[in-house]
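Chain and residue survey
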Amino acid sequence: MTIEVFSGTTTPLSAATLIGTPTEDPKGSPIQGASVFSKPASHIIELLASRSATSSAVYIYDVAEQVGFGTLTKTWSSTMESTAPVISLQTRAGAGLSLIGRLSEGSSQDLVQGAILTAYTTPAGLASMAESLSYLPPATSNSRLIIQVPAVTTVGPSFALSPTLASLSATFTILPDNLVVLLSATPQESIDLAALSYKLTSSHVVHIFDHHGISRESGHSFVPTLQLKDTPALGIPELIRWSGYQFFDYVGDSNAETVVVLLNGPLALMAKSTVTRTSGLGVVIVRVLRPWDGDAFKQCLPDTVKEVHVFDDVPNELCQGSLFVDVFGSLYGPNSPGPRVRAQRVTPTRTSSFLSDPAQFSALLTELSHQVSAATHLDASLTRKLLFFSTPKSDLSPLPQTVANSFSSTVSARLLTDHDIFSKSGGITADKIVLSPRSEGTEILPMAAEFPTGTADFICILDTNLLKSHSLLNQAKSGAIVLVISPWSSELPYNLPAAVLSAAVEKKLRIFTLDAKAVSSGFGAEIGASQDAVQRVVVYLAVLRLYLGKAASEPAVRKLAEGVALEVIQGGQLAKISASSWAALEEVELHIPPVADEGDAKPPSPLKQFEFNAIAVETDDGQTVINGSKVSSWHDAAKHLLFPSVFTPPTPPSEEVEEYLQDASLRPEVPEHTYLVTCTVNRRLTPLEYDRNVFHLEFDTVGTGLKYAIGEALGVHGWNDEQEVLDFCEWYGVDPERLITIPVAANEGKMYTRTTFQALQQQIDLFGRPPKSFYAGLAAYATSPADRLALQFIGAPEGSSTFKKLGEKDTVTFAEVLQRYPSAKPGIETLCEMIGEIKPRHYSIASAQSVVGNRVDLLVVTVEWTAPNGTLRYGQCTRYLAGLKVGQKVTVSIKPSVMKLPPDNMQPIIMAGLGTGAAPFRAFLQHRALLAHQGIPVGPTYYYFGSRHQHQEYLYGEEIEAYILDGTITKAGLAFSRDGPKKVYIQHLMLEDATVLASLLKNQAGVFYLCGPTWPVPDVYEALVGALVKNEGHTSESAGEFLMSLKEEERYVLEVY
């Protein structure tokens, strides 16, 4: 049979050009040298950001990993040296506060040295962090925050992924002044600006890059040159120019009367492509959004401009974008009104339309410029587009990468893999390959715009069943070649829906079938390779033959295939397999079978459309992580979710049998190992008339197996107030004894059943503070239009100030929000999932188990305040603990802490505690007293304690006085600030002991601890610096460096809150 398809003579991508060995991915780290890399840019960004030489720690928010960014960093943290520590975080109310706390003065980890922290989040995650970022301390060369933001967001009812930045439309306006916002579009630019993020040493940085498409593509070559340059000491604008970039790029007619302004990203690349072919039109691409440089923006505009159209990503057409505000403010003045500034509001739906139909976007730009519409794409004769459809993790999944690699040595071969996990059980994978001449200065379009619907030259369908359920042939251009891997040949038309056949006939497609399994089955044993490997070679050879067309002589195809096939096939076997593959190719004669009478069968189900809604990452250990969840296969993921009890692997026997096993039914929703302890003492330490209730608790741990180290914290899983829960149940109209089933958040797929009362009292954070998302989610259940609109407003970016007032000033609870908007009443199970669980509160343990045995002590102060409406508020857990009765059971867990005694008992310790910050030091003193009683020598022990009044708040005063008398405490500094005519704080007493404290730290390997509130930390730090300067010959700078070194040695330890 003669097969003629593409002619290699009409395109620069001819057989002569394409034949050659496939390129191998370069090895090595982009941080170390100027190698050229063809890995996806997002991988290089992760590698760069996660190096310990770049970041002190990497915080990976769940939303980032759900879009495929951060998974590799987690893998590298356990397999690759010089990877920074990795911390996983959830995106919720107050997101970002942990980062602020670590950078701010008073952090227990990084007060002195500071830290260069990297965070991964998405645009939606960054919006959740915006309010927290307002508390960022000033950036320094060794203490700053860099946020890498892969621009991809879930939108619409189909959960499609989009590059829209609509969720940030209100965020950009409230970001602090000390934050630089960089936006990149191309792979090289994304890597360069990621590197630049770490060179802007005087600012915190947000770097937003296109993760919807371009940064995930393979086949781009780039050189991370910025890492090889010595960074000069320049300001932000100068440093950005030094890196080879500008705040703004202007492209287009130098005498344009119409200019469009866009943030750097996919649409900016499309606009850049259009404007080069349209006279009278210019485009300004914003690369640096913050700080906004209005003068530089005006300078890049041509003098002839009359209209400026600002394209802003916004959640809806009623919102005003921040970019419009920036542009308008730069161009408008009372004396010189300048050009007209018009808003072009781009909603997520509009973004998707522009990407899927580039002609629509191009038509809009030319309409704005009052010019004749221009061509949108590069010359079609210069590119070839191949599309592969398969099911994830199938045996043929590696084929598209192999095909792209075969061509990449001589032409540009871009490959992008997208997944749809909702329209079909098990998911669908679409691999797009664009082949084009490789030349300097070639403009890059987003893959969605480069490869819109209906432009594929070649389609390979690796699973026939996909044609039955999905409209895949609509992706083909007229006259395209389609290869279907199937045992059917002439039978194929009878096994496909009529709509598929109609599309094929209408587009004049040439459809070929190949029974790859049958061909490969005859070779596996003969050549010593697996049938799967042989099957991939068979299909690969068929793809090359159909693609190359007339140029596809069998020797030419074999030569091109040798670099791939010889890895599994030796000697002359490739020729045999190639011949068999060619012989098995059959072209299908297209005809539409007669339609049965309507009464004979039910109407066919409509064909589904492929929708990009999932990103998968293959880790070095062979695992596939899909939207942040690790599974062995996509089909297994569904089975695990549906039948968790069947597919949960048995727990392997432990080498050491645990004496006390945890009762999983005690708190099934809690991921920590929990213990059920008994309250034996609940004693108030401050007088009843005193305005602060500080109390001492003791819990009996006999029979629980609870063990704790000195300085560790006790996590208390507190309950809501019983009467408040009953009152809420009555108001909500739900029976407190009704059984409800709730998913276990910490263990996906597991469910457990409780009464409504048990869930609301013990698990659900009913009286906690709701995040913004709760208002937006609750709006869907409001039957009153007024309630629905109010909730939607608070949950939207425009309602940020209202939300902030409700949360920070009024301190409203979930229950109160429901009572304010009574028409919004989700079902009780739904409500429980919307609210979420009560998180354990952690308290420093105030006892040493070596002394007290089967007991654990806590020192707690109740948290209470009055809301603006006069309502008395209570901290949930301190209220629960204050009300404990002797004999009452409490669920607890153990959390490690930085508060640890030094390994050498002779090392001096200096303890500074304020209020309940004395808790861990009570444990320290108990243990040192025990050592002394046993005749074991211990080093000097200095104890500083501060509170307002000695009579009311000298916590554990009798014990402290006893320790002073028996010599356990070498020197005590007691500061009661309100007792004398002049306020005295612990730092003042430390200054009095400056000589001895400096000597203890400098000459005797002493350890300094501070526990309590944040506010005294700077003064305490200055007191220690002053002591070192005065007594040990330090300068202020060298004293700070010395304290920094102590922190690294765990000899300068802070636990503040």
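Broken down by element type, the protein carries 40 helices and 39 strands. Split into buried and exposed, the 1057 residues of the protein put 54% on the buried side. Of the roughly 44500 Å² of accessible surface on the protein, 52% is carried by carbon and sulfur atoms.

Those residues of helix 38 (residues 994-1003) not exposed but buried are Ala994, Leu997, Ala998, Ser999, Leu1000 and Leu1001. Note on helix 38: the residue one or two positions beyond its end, Ala1005, has a positive phi of about 60 degrees.

Let us now look at the pairing of strand 17 (residues 428-436). Where a strand is regular, its side chains alternate between the two sheet faces. Within strand 17, nine of the nine residues are buried, which leaves it mostly tucked inside the rest of the structure. Judged by which residues are buried, strand 17 turns out to be covered on both faces: Ile428, Ala430, Lys432, Val434 and Ser436 on one side and Thr429, Asp431, Ile433 and Leu435 on the other are all buried. Bridging between strand 16 (residues 412-420) and strand 17 involves nine bridges; their strand directions are antiparallel. What sits directly across from Leu415, in strand 17, is Ile433.

Judged by pairing direction, the sheet is mixed, and its seven strands sit side by side in the order 2-1-3-4-8-7-12 without closing on themselves. Looking at the sheet topology across the chains shown, the edges are occupied by strand 2 (86-89) and strand 12 (288-290). On average, each strand axis in the sheet is tilted by 20 degrees relative to the strand beside it, whichever way the strands run. Bridge count between strand 1 (residues 57-61) and strand 3 (residues 116-120): four bridges; the pairing is parallel. Looking across to strand 3, one finds that Ala57 is bridged to Leu117. Along the sheet, helix 6 (residues 123-133) contacts strand 1, strand 4 (144-151), strand 7 (179-184) and strand 8 (204-210); its crossing angle with strand 4, the most-contacted strand, is approximately 155 degrees.

Moving on, we come to the packing of aromatic side chains. In total, this model carries 27 aromatic pairs according to the counting rule given. Ring centres 5.9 Å apart and planes at 85 degrees place the aromatic pair Tyr775 and Phe803 in the edge-to-face group. With Tyr775 in helix 27 (residues 772-779) and Phe803 in helix 29 (residues 800-809), this residue pair connects regions lying 28 residues apart in the sequence. Taking the relative accessible area as the measure of exposure, Phe803 reaches 13% and is therefore buried. Ring plane angle 70 degrees and centroid distance 5.8 Å describe the contact between Phe921 and Phe924, whose orientation is recorded as edge-to-face. Remark: Phe924 and Phe921 occur in helix 34 (residues 919-933); sequence separation between them is three residues, near one turn of the helix. Each member of the pair, Phe921 together with Phe924, is buried. Three or more aromatic residues link up through ring pairs in this structure, and these residues are Phe247, Phe248, Trp292 and Phe297. Taking NZ or CZ as reference, Lys432 lies 5.6 Å from the ring centre of Phe451, over its face. Between Lys825 and the ring centre of Tyr732, over which it is positioned, the NZ or CZ distance is 5.4 Å.

What follows deals with helix 34. Look at helix 34: 22 Å from first C-alpha to last across 15 residues, which is about the 21 Å you get at 1.5 Å a residue. Most of helix 34 is tucked away, with twelve of its 15 residues classed as buried. Burial in helix 34 covers these residues: Ala919, Pro920, Phe921, Arg922, Ala923, Phe924, Leu925, Gln926, His927, Arg928, Ala929 and Leu931. Gly935 sits one or two positions beyond helix 34 and adopts a positive phi of about 80 degrees.

Per-chain confidence: the protein averages 82 in pLDDT, with 84% of residues scoring 70 or above. With pLDDT under 50 throughout, residues 374-379 is counted as low confidence; its partners more than four residues away or in other chains account for 19 contacts. Across residues 631-661, where pLDDT falls below 50, the model places 25 contacts with residues more than four positions away in sequence or in other chains.

Moving on, we come to the side chain of Ser486. Along the polypeptide, Ser486 turns up in the loop between strand 19 (476-485) and helix 17 (498-506). A relative accessible area of 2% places Ser486 in the buried class. Apart from residues no more than four positions distant in its own chain, Ser486 is found in contact with Thr464, Thr513, Leu514 and Asp515.

With that settled, consider the packing of helix 2 (residues 41-49) against helix 4 (residues 71-79). Two elements in contact, helix 2 and helix 4, have axes whose closest approach is 9 Å; the angle formed by their N-to-C orientations is 45 degrees. For the element pair helix 2 / helix 4, the angle class is oblique. Helix 2 and helix 4 meet at a crossing whose hand is right-handed. Facing helix 2, whose interface residues are His43, Glu46 and Leu47, helix 4 presents Thr71, Leu72, Thr73 and Trp76. A breakdown of the residues in the contact of helix 2 with helix 4 according to their chemical character gives three nonpolar, three polar and one charged.

Here six strands make up an open sheet; going across it, the order is 30-27-34-25-26-31 and the pairing antiparallel. Each having just a single partner strand, strand 30 (841-844) and strand 31 (855-861) make up the two edges of the open sheet. With strand direction ignored, the average angle separating the axes of adjacent strands in the sheet is 40 degrees. Note: strand 26 (residues 694-700) against strand 31, seven bridges, orientation antiparallel. When the bridges of strand 31 are listed, Asp700 appears paired with Arg855.

Further remarks concern unusual backbone geometry. A cis geometry characterises the amide bond from Arg290 onward to Pro291, with omega recorded as 0 degrees. Positive phi outside glycine occurs at Ser82, with the angle close to 65 degrees. Position of Ser82 among the secondary structure elements: in the loop between helix 4 and strand 2.

For the structure shown, the criterion picks out 26 salt bridges. Residue Asp691 pairs with Arg948 through a salt bridge whose shortest N-O separation is 3.0 Å. Separated by 257 residues along the polypeptide, Asp691 in the loop between strand 25 (675-684) and strand 26 and Arg948 in the loop between strand 36 (941-947) and helix 35 (950-953) bring together distant segments of the chain. Through salt bridges with shared partners, a single network forms among Glu698, Arg855, Asp857, Arg922 and Glu959.

Turning next to the nonpolar core. Ranked by internal contacts, the top residues of the largest apolar core, which has 78 residues, are Leu133, Leu145, Ile147, Leu182, Ile208, Val261 and Val327. Those residues in contact with Val327 that sit more than four places away from it in its chain are Val261, Trp292, Phe297, Val308, Val310 and Val341.

Position of Phe388 relative to the elements: it lies in strand 15 (residues 384-390). For Phe388, a relative accessible area of 0% gives the class buried. In the structure, Phe388 is positioned 95 residues away from Leu483 in sequence and 9.4 Å away in space, judged by C-alpha atoms. Other than its neighbours up to four places away in sequence, Phe388 contacts Leu399, Pro400, Val403, Thr429, Ala430, Asp431, Ile433, Cys460 and Val543.

Here Ala413 is to be found in strand 16. Its relative accessible area of 3% is what places Ala413 among the buried residues. For the pair Ala413 and Gly219, spaced 194 residues apart in sequence, the C-alpha separation works out to 5.4 Å. Excluding residues that lie within four positions of it along the chain, Ala413 makes contacts with Ser218, Gly219, Ala404, Ser408, Val434 and Leu435.

For strand 8, a buried count of seven out of seven residues is recorded, marking the element as mostly surrounded by other parts of the structure. Across the two faces of strand 8 the burial is the same, with His204, Val206, Ile208 and Asp210 and Val205, His207 and Phe209 all buried. As paired strands, strand 4 and strand 8 are joined by six bridges and run parallel to one another. If you follow Ile146 over to strand 8, its bridge partner there is Val205. Here six bridges tie strand 7 to strand 8, and the two strands are oriented parallel to one another. Within strand 8, the position partnered with Ser184 by the bridge is Phe209. Each parallel crossover has a hand, and the one from strand 7 via helix 7 (residues 187-197) to strand 8 is right-handed.

Reading guide: rules and limits
- Residues numbered from 1 in each chain as written.
- Predicted model: local features only at pLDDT ≥ 70, side-chain atom pairs only at ≥ 80, totals over all residues.
- Heavy atoms only, no water.
- Helix = DSSP H or I, 4+ residues; strand = E, 2+ residues; numbered from the N terminus.
- Buried < 20%, exposed > 50% of the residue type's maximum accessible area, 1.4 Å probe, protein only.
- Areas by Shrake-Rupley, 256 points an atom, 1.4 Å probe, with all protein chains shown as cover.
- Pairing = 2+ DSSP bridges.
- Axes fitted to C-alpha atoms, helices over the stretch in contact; angles between N-to-C directions.
- Contact = heavy atoms within 4.5 Å.
- Phe/Tyr/Trp six-rings, centres within 6.5 Å; stacked < 30°, edge-to-face > 60°.
- Lys NZ or Arg CZ within 6 Å of the ring centre and 35° of its normal.
- Expected span 1.5 Å × (residues − 1).
- pLDDT = per-residue confidence, 0-100.
- Parallel < 35°, antiparallel > 145°, perpendicular 65-115°, else oblique.
- Left-handed = near helix turned anticlockwise from the far one by under 90°.
- Nonpolar A, V, L, I, M, F, W, Y, C, P; charged D, E, K, R; others polar.
- Salt bridge = Lys/Arg side-chain N within 4 Å of Asp/Glu carboxyl O.
- Core = buried A, V, L, I, M, F, W, Y, C linked by side-chain atoms within 4.5 Å.
- Right-handed = clockwise from strand over helix to strand, strands pointing away.

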